[in-house]
There are 2 protein chains.
Amino acid sequence: MKKISILYPNRAGARFDFAYYVDSHMPLSIERLSAHPEYRGVSVERGLGGAVPGSPPAYVAMCHFLFESVEDFLAAFMPHAAELQGDMPNYTDIEPVIQFNDVLISAQAGDLTRPDQ
Amino acid sequence: MKKISILYPNRAGARFDFAYYVDSHMPLSIERLSAHPEYRGVSVERGLGGAVPGSPPAYVAMCHFLFESVEDFLAAFMPHAAELQGDMPNYTDIEPVIQFNDVLISAQAGDLTRPDQ
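Residues numbered from 1 in each chain as written. Chains lettered and ligands numbered in written order. Predicted model: local features only at pLDDT ≥ 70, side-chain atom pairs only at ≥ 80, totals over all residues. Heavy atoms only, no water.

J.: Sorry, what's going on with the overall build of chain A here?
T.: From N to C terminus, chain A includes three helices and four strands. Reading chain A from its N terminus to its C terminus gives the helix and strand order β-α-β-β-α-α-β. The principal-axis extent of the C-alpha atoms belonging to chain A is close to 45 × 35 × 20 Å. Going through the 117 residues of chain A one by one, you find that 50% of them count as buried. Within chain A, contacts between residues at least 6 apart in sequence are counted, and of these 73% link residues at least 24 apart. For chain A, the exposed area adds up to about 5400 Å²; of that, 54% sits on carbon and sulfur atoms. (Helix = DSSP H or I, 4+ residues; strand = E, 2+ residues; numbered from the N terminus. Buried < 20%, exposed > 50% of the residue type's maximum accessible area, 1.4 Å probe, protein only. Contact = heavy atoms within 4.5 Å. Areas by Shrake-Rupley, 256 points an atom, 1.4 Å probe, with all protein chains shown as cover.)

J.: Sorry, what's going on with the relation of the copies chain B and chain A here?
T.: Two copies of one chain are present, and they are related through a rotation about an axis combined with an axial shift. The operation relating chain B to chain A is a screw motion whose rotation component is 180°, with 0.0 Å of axial translation and a residual RMSD of 0.0 Å. Taken together, the turn and the small shift mark the pair as related by a two-fold rotation axis. Here 100% of the contact residues of chain B are again contact residues in chain A; the copies associate through an equivalent surface. (Least-squares fit on C-alpha atoms with pLDDT ≥ 70 in both.)

J.: Sorry if this is basic, but what is going on with the layout of surface pockets here?
T.: Where empty space is left can be seen by rolling a probe of water-molecule size over the atoms. Its volume calculated, the second largest pocket comes out at about 570 Å³. Lining of the second largest pocket is provided by 32 residues; of these, Ile6(A), Phe73(A), Phe77(A), Gln85(A) and Ile98(A) occupy positions nearest its centre. Contributing elements (two or more residues each) for the lining of the second largest pocket: strand E1 (2-9), helix H1 (18-33), strand E3 (59-67), helix H2 (70-77), helix H3 (81-86) and strand E4 (97-108) of chain A together with strand E2 (39-50) of chain B. For the lining of the second largest pocket, the per-class residue count stands at 24 nonpolar, seven polar and one charged. (1 Å grid on protein atoms, 1.4 Å probe; cavity = no way out; pocket = protein on both sides within 12 Å on 5 of 7 lines; lining within 4 Å. Points joined across faces, edges and corners; volume = space filled by probe spheres on them. Nonpolar A, V, L, I, M, F, W, Y, C, P; charged D, E, K, R; others polar.)

J.: Would you explain the environment of Val42(B) in this entry?
T.: Mapped onto the secondary structure, Val42(B) falls in strand E2. A relative accessible area of 4% means that Val42(B) is categorised as buried. Between the C-alpha atoms of Val42(B) and Leu66(B), which are 24 residues apart in sequence, the distance is 6.0 Å. Excluding its chain neighbours within four sequence positions, the residues that come into contact with Val42(B) are Ile105(A), Ser106(A), Ala107(A), Met26(B), Ile30(B), Cys63(B), His64(B) and Phe65(B).

J.: Even after reading the chapter, I still don't get the pattern of salt bridges, so can you show me in this structure?
T.: Proximity of charged atoms lets side chains of opposite charge pair with each other. Residues and elements named next belong to chain B. Following the criterion strictly, the structure yields 14 salt bridges over all chains and no others. Between Lys2 and Asp102 there is a salt bridge, with its nearest N and O atoms 3.0 Å apart. Residue Lys2 is located in strand E1 (residues 2-9), and its partner Asp102 is located in strand E4 (residues 97-108); the two are separated by 100 residues in the primary sequence. Both residues of the pair, Lys2 and Asp102, count as buried. (Salt bridge = Lys/Arg side-chain N within 4 Å of Asp/Glu carboxyl O.)

J.: Hey, could you run me through the UniProt feature "domain: EthD" (unreviewed entry) in chain A in this one?
T.: In the UniProt entry, the feature "domain: EthD" (unreviewed entry) is given for residues 18-93 of chain A. For the annotated span residues 18-93 of chain A, helix accounts for 39% and strand for 28% of the residues, and the straight-line distance between the end C-alpha atoms is 13 Å. (UniProt positions renumbered as here; feature names shortened; annotations may be inferred.)

J.: Looking at this structure, I do not really get the interface of chain B and chain A. What am I missing?
T.: Interfaces are frequently sized by the accessible area removed from exposure as the parts join. At the interface, 42 residues of chain B touch 42 residues of chain A. Of the roughly 3400 Å² buried where chain B meets chain A, counting both sides, 61% is carbon and sulfur surface. Three residues stand out in chain B for area buried against chain A, namely Gln99(B), Leu104(B) and Ile105(B), and they jointly supply 16% of the buried area on that side. At the boundary of chain B and chain A, one finds two salt bridges. For Glu45(A), the salt bridge is made with Lys3(B), and the minimal N-O distance between the two is 2.8 Å. (Buried area = accessible area lost by both parts, 1.4 Å probe.)

J.: How should the sheet that holds E2(B) be read in this particular structure?
T.: Backbone-to-backbone hydrogen bonds pair the strands of a sheet. The strands run either parallel or antiparallel. Strand order around the closed barrel formed by eight strands is E1(A)-E3(A)-E2(A)-E4(B)-E1(B)-E3(B)-E2(B)-E4(A), with antiparallel pairing between neighbours. In this sheet, adjacent strand axes meet at a mean angle of 30° when their direction is disregarded. Here E1(B) pairs with E4(B) via six bridges, running antiparallel. Its bridge partner lying in E4(B), Lys2(B) is registered against Asp102(B). (Pairing = 2+ DSSP bridges. Axes fitted to C-alpha atoms, helices over the stretch in contact; angles between N-to-C directions.)

Structure, rendered in structure tokens:
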């Protein structure tokens, strides 16, 4: 399984509208991307703080999409890239850090699964 | 639900032993932290690349722990902090970026849940 991570750096003076992001942008993104049969899930988080108490988080927000493969994500995303990227100025002026990841361990309380084994 | 993210920046010349990390360090971490009743799950990923094809990932590895609250994580982690942090030199010389996050959306294929609603 692969994870596509979209990280929004927490820079001074940046704009990030969580209401629009959670209530409009992400539902649209999920509707578009979950139409692909190899879509596996999504997680969206708001940064609260860093490891040192009272320190700011490195990222104001993170979004992680799960797909069976990177190719599946690209097949799901590319037809909607203009629409989804065009919606970004409606909630932020931050240029996100994006990276593709191989999921090595994924476990919920009570189990431990190793997707690649 | 809260997510504790541990991100290992992908700097030139850095050392990261995935075999030790996945086969020794993470099983130890999960054993220690999952003993807490408010542990909810964990995900571990290896960075494959950035958004631009052929570009390196910003982070060589990421680890995300899910707990009901930040206080629950700290209660689970602090008694084992010396042991777990003391094991880090066995797999890396990278100083990780750590941040606490509020989980706003968590969904798997076929559902959409909003933990805070």
